[in-house]
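Now for the letters of each chain:
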Amino acid sequence: MKKVLIITGPYCEDIEVQYPYYRLKEEGYEVVIATPDGSNVEGKHGYIIRADISFDDVNSGDYDALVVPGGRAPERVRLYDSAKAIVKHFFNENKPVATICHGPQVLISAGVLKGRKGTSYIGVRDDLIAAGVEYVDEPVVVDGNWVSSRHPGDLAVWMKEFIKVLEG
């Protein structure tokens, strides 16, 4: 069974964690949620996101893909060296990575996006461009192993394309 890791933190966009979590489980993937210290976190809309593991305890080699949801969590997640190391592993190994909304902020801090093509919440557009990304305002952008989307309205097309990348 393939394993997918979701990395998030407090004030995540609740639905951007929950939708991929359940959608991937529907497809038969084992999904693990990591937070900074392994504690449950509260999303922007008050839902409790149950954590399985801390960033420090993640062995990236155990996972086949990575999801980085948005909300306000990425601005905090990007501060953890362990989270940036997780992201670097997935890009170095060319494993599938899905980001939505503010999620690319973690990838920017990990330094893995130069020369890539992607999208995000409009408020992150200039940060992506400054990081060397060709920004595209589309519901979903697939660039090799990286599948990016803009906001919750894009969830269905985002996961549809991510699952295609996962299944090769």
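Everything discussed here concerns the structure shown above.
For the structure given in this document, a descriptive report is provided here. (Residues numbered from 1 in each chain as written. Predicted model: local features only at pLDDT ≥ 70, side-chain atom pairs only at ≥ 80, totals over all residues. Heavy atoms only, no water.)

Scanning the chain from N- to C-terminus turns up six helices and eleven strands. Taking 15 Å as the expected radius of gyration for a compact globule of 168 residues, we find that the chain reaches 14 Å, a close match to that expectation. Judged by the C-alpha coordinates and their principal axes, the chain covers about 35 × 30 × 30 Å. The burial tally for the chain puts 52% of its 168 residues in the buried class. Looking at the chain alone, contacts between residues at least 24 apart form 64% of all its contacts between residues at least 6 apart. In the form shown here, the chain has an accessible surface area of approximately 7500 Å², with 44% of it arising from carbon and sulfur atoms. Separation between the mean location of the 19 positive side-chain charges and that of the 25 negative ones in the chain comes to 3 Å. (Helix = DSSP H or I, 4+ residues; strand = E, 2+ residues; numbered from the N terminus. Rg over C-alpha atoms; globule rule 2.2 N^0.38 Å. Buried < 20%, exposed > 50% of the residue type's maximum accessible area, 1.4 Å probe, protein only. Contact = heavy atoms within 4.5 Å. Areas by Shrake-Rupley, 256 points an atom, 1.4 Å probe, with all protein chains shown as cover. Lys, Arg positive; Asp, Glu negative; His and termini not counted. Charge placed at Lys NZ, Arg CZ, Asp CG, Glu CD.)

Applying the stated rule across the entire model yields eleven salt bridges. Of the charged contacts, one joins E13 and K44 as a salt bridge, the two residues approaching to 2.9 Å between their closest N and O atoms. With a gap of 31 residues between them, E13 in the loop between β1 (3-7) and α1 (14-26) and K44 in the loop between β3 (41-42) and β4 (48-49) connect regions that are remote in the sequence. Assessed through its relative accessible area of 10%, E13 is described here as buried. (Salt bridge = Lys/Arg side-chain N within 4 Å of Asp/Glu carboxyl O.)

With 13 residues, α1 ought to run about 18 Å at 1.5 Å a step, and its terminal C-alpha atoms sit 18 Å apart, in line with that. Listed as buried for α1 are D14, E16, V17, P20, Y21 and L24. In this structure, the buried side of α1 is in contact with β1, β2 (30-35), β4, β6 (65-68), β7 (97-100) and α6 (155-166). Positive backbone phi, approximately 95 degrees, marks G28, located one or two places after α1. (Expected span 1.5 Å × (residues − 1).)

So, on to the side chain of Q105. One can find Q105 in helix α4 (residues 104-110). Ignoring anything within four residues of it in the chain, the contact list for Q105 reads P74, E75, R78 and V124.

As defined by bridge partners, strand β10 (residues 140-143) adjoins strand β11 (residues 146-149) across four bridges and the pair is classed as antiparallel. Directly across from V140, in β11, lies its bridge partner S149. Hairpin connection of β10 to β11: two residues between the antiparallel strands, including G144 at a positive phi of 60 degrees. (Pairing = 2+ DSSP bridges.)

The calculated volume of the largest pocket comes to roughly 160 Å³. Taken together, V17, Q18, Y21, Y22, I33, I48, I49, R50 and D52 make up the full set of residues lining the largest pocket. Those elements giving two or more residues to the lining of the largest pocket turn out to be α1 and β4. Take the lining of the largest pocket: its biggest share by element is four residues, from α1. Taken together, the residues that form the lining of the largest pocket break down as six nonpolar, one polar and two charged. (1 Å grid on protein atoms, 1.4 Å probe; cavity = no way out; pocket = protein on both sides within 12 Å on 5 of 7 lines; lining within 4 Å. Points joined across faces, edges and corners; volume = space filled by probe spheres on them. Nonpolar A, V, L, I, M, F, W, Y, C, P; charged D, E, K, R; others polar.)

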